[in-house]
Amino acid sequence: EVVEHVDNVPLYMKSCAELVAPGGLMFTATINRTPRAYALAIVGAERALRWLPPGTHDFAKFLTPDEVKVLIERNGMRITDRTGVVYNPLRDEWRQSADMGVNYMLLAEKPSA
């Protein structure tokens, strides 16, 4: 999860895509820009639980899956898989989920030459 900390996301995604060889894969993980993501990542993780220093996340830098998809496709790649990631505090574990409302991951492929 780095995308939500980058100042120039279009340039970052372009640079990442350029590094992928034809037929290669690019994996992107980030936080969705939803009220629930704000509540969990900023209010919960930073302010209430203090798992992260306050100010680690800027809600305005969170990206929706559609926004990331546009950037990936603009750079000649296509999404091949997507999944949400949810945290279970009772088990202290992360798992994949159909719920992409907070954390999510996208897998993209660069077409072979």
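From a predicted model like this one, the values you see are computed outputs, not experimental measurements. (Residues numbered from 1 in each chain as written. Predicted model: local features only at pLDDT ≥ 70, side-chain atom pairs only at ≥ 80, totals over all residues. Heavy atoms only, no water.)

Q: Hey, could you run me through helix α2 (residues 35–48) in this one?
A: The α-helix advances 3.6 residues per turn, and as a result positions three or four apart in sequence lie on the same side. Here α2 spans only 16 Å end to end across 14 residues, well under the 20 Å set by a 1.5 Å rise per residue. Among the residues of α2, those classed as buried are A37, A41, I42, G44, A45 and E46. Taken together, the buried residues of α2 touch β1 (25–31). In the segment just after α2, R50 is the residue with positive phi, at about 55°. (Helix = DSSP H or I, 4+ residues; strand = E, 2+ residues; numbered from the N terminus. Expected span 1.5 Å × (residues − 1). Buried < 20%, exposed > 50% of the residue type's maximum accessible area, 1.4 Å probe, protein only. Contact = heavy atoms within 4.5 Å.)

Q: Looking at this structure, how should I read the environment of V20?
A: Tracing the backbone shows V20 in the loop between α1 (9–19) and β1. A relative accessible area of 12% means that V20 is categorised as buried. Linking V20 and A108, residues 88 residues apart in sequence, is a C-alpha distance of 10.0 Å. With residues up to four places along the chain from it excluded, the contact list for V20 reads L25, M26, M77 and K110.

Q: Could you clarify how one ought to interpret the sheet that holds strand β3 (residues 93–97) in this entry?
A: Picture the strands of a sheet paired through backbone hydrogen bonds; they go either parallel or antiparallel. Taken together, four strands build an open sheet; the order of strands is β1-β4-β2-β3 and the sheet is antiparallel. The sheet is open, and its two borders are formed by β1 and β3, each paired with just one other strand. This sheet shows a mean twist of 25° between the axes of neighbouring strands, independent of strand direction. Note that strand β2 (residues 78–88) and β3 share five bridges and pair antiparallel. If you follow N88 over to β3, its bridge partner there is E93. Of the strands in this sheet, β1, β2 and β4 (103–109) are in contact with helix α3 (residues 65–74), which crosses β4 at around 20°. (Pairing = 2+ DSSP bridges. Axes fitted to C-alpha atoms, helices over the stretch in contact; angles between N-to-C directions.)

Q: Explain the side chain of T83 to me, please; I cannot follow it from the model alone.
A: Mapped onto the secondary structure, T83 falls in strand β2. In this structure the side chain of T83 is engaged in a polar contact, spanning 3.3 Å, whose partner is the backbone oxygen of S97. Apart from the residues lying within four places of it in its own chain, the contact partners of T83 are Q96, S97, M100, Y104 and M105. (Polar contact = N/O pair within 3.5 Å; in protein donor to acceptor, adjacent residues only side chain to side chain.)

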